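Here is how the chains run, residue by residue.
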Amino acid sequence: MSVRVGVAGLGHWGPNLARNFADLAELAWLCDEDPARSDVAERYPHARFTTSYDDLLADEALDAIVVATPVPTHFELARRALEADKHVLVEKPPATQARDMDELVVLAAERDRVLLPGHLLLYHPGIRRVKEMLDAGELGDVLCVYGNRQNLGIIRSNENALLSLGVHDLSVILYLLDEDPETAVAQGRDFLTQGVEDVVFCYLRFPSGRIAHMHLSWLDPHKMRKITVVGTEKMVVFDDMELERKVTVYEKGPWRPSDRYGEWQTRTGDIFSPRIPNDEPLKLECAEFLRLIEGDGDRRKVAADGARVVRALDMLTSSLDGGS
Ligand SMILES: NC(=O)c1ccc[n+]([C@@H]2O[C@H](COP(=O)([O-])OP(=O)(O)OC[C@H]3O[C@@H](n4cnc5c(N)ncnc54)[C@H](O)[C@@H]3O)[C@@H](O)[C@H]2O)c1
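Nothing here was measured: the structure is a model prediction, and the numbers come from that model. (Residues numbered from 1 in each chain as written. Predicted model: local features only at pLDDT ≥ 70, side-chain atom pairs only at ≥ 80, totals over all residues. Heavy atoms only, no water.)

## Re the site of the ligand
- Surveying the vicinity of the ligand reveals 20 residues, the closest of which are His12, Trp13, Asp32, His74 and Lys92.
- Contact distances for the ligand include 3.2 Å between a nitrogen atom and a backbone N or O atom of glutamate 33.
- Summarising the interface, the protein chains cover 78% of the accessible area of the ligand, which totals 860 Å² for the free molecule. (Near = heavy atom within 4 Å. Polar contact = N/O pair within 3.5 Å; in protein donor to acceptor, adjacent residues only side chain to side chain. Areas by Shrake-Rupley, 256 points an atom, 1.4 Å probe, with all protein chains shown as cover.)

Dropping the structure here:
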């Protein structure tokens, strides 16, 4: 039987989720507190539109809720959905404070519901390919990872560059390295809107000794969406601005010849781009949510991985606020 899904929040992003769930499952409800957003519902005559989230919670035949509302509402809406025994896919980040996310994880476990944060890039076939290379040891020892997410605009005045842009890169860095940072510090400046940082630099250090960095900005001449991983044997770049060469592998690295008394040299070999499937990451994310609901995969792990991202985000935010 098809999973019945309701989507809450029909602004810029929610309609993309609605489109995918209409394809993959039964789109039963569309919800936005703004009645003008009922225009989205016209595309889906079988789905009911409401301005009240309570209608979704009260529908006992509804299996799952997708939360695509603004960040400050995520925790509350996800909590209420879990309390109503619904599976939840909640846009990133599900909470901005670690203790709130822990509450969601506990609730999901108690109710045996899926709690899937919408970390879109983790479903990108290019990022999956980079992860396979790391896990297979193809890069040698991984030394550092850094993310660039810069552009001129979109200038936001309600959430800073760390929350708006950084969660993507943070989720990827933690997925690739698979460890919690012991240090996570951020520095930035609110040039345009008081209290909202437009440019943020982050530094993370992990128990293994590996380090990571993120440059997040909407005041920049470069449009960059890039993750670079530096290993001792190879280096790999995921570049989401590239149409075809999303992943480039550099056979470059440090090298110490045995006859040179310890002097380091560098080694340069081939540079190549593996073929990356063109599948839509959001469709893969939605399909994963449905698979988890149907009992396939580890629902505890996806919730715990989401909590790891929120913990690191919380550390970065408190250091940005001057708290550490
Ligand atoms: N994964 C991605 O790549 C990606 C991309 C864009 C946005 N997002 C995320 O999606 C979320 C929404 O972003 P957006 O750009 O669509 O925002 P938006 O402001 O365009 O839309 C949010 C909508 O939610 C509605 N809303 C607010 N509170 C509500 C409530 N309590 N009940 C029902 N509806 C409510 C608003 O009326 C609005 O229509 C954000 O969390 C954002 O971070 C993710």
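## Examining the pattern of salt bridges
- Here the structure, examined in full by the defined rule, presents 22 salt bridges.
- One salt bridge in this structure joins arginine 308 and aspartate 178, with 2.8 Å as the shortest N-O distance. Taken as a pair, arginine 308 in helix H9 (residues 299-320) and aspartate 178 in the loop between helix H7 (161-177) and strand S8 (183-189) lie far apart in primary sequence, 130 residues in all.
- Residue classification places arginine 308 among the buried residues on the basis of a relative accessible area of 16%.
- Take aspartate 178: its relative accessible area is 46%, and that puts it in the partly exposed class.
- Taking the shortest distance from any N to any O, the salt bridge between aspartate 305 and lysine 301 comes out at 2.8 Å. Here lysine 301 and aspartate 305 lie together in helix H9, a separation of four residues that amounts to about one turn.
- Looking at aspartate 305, the relative accessible area reads 30%, which means it is partly exposed. (Salt bridge = Lys/Arg side-chain N within 4 Å of Asp/Glu carboxyl O. Helix = DSSP H or I, 4+ residues; strand = E, 2+ residues; numbered from the N terminus. Buried < 20%, exposed > 50% of the residue type's maximum accessible area, 1.4 Å probe, protein only.)

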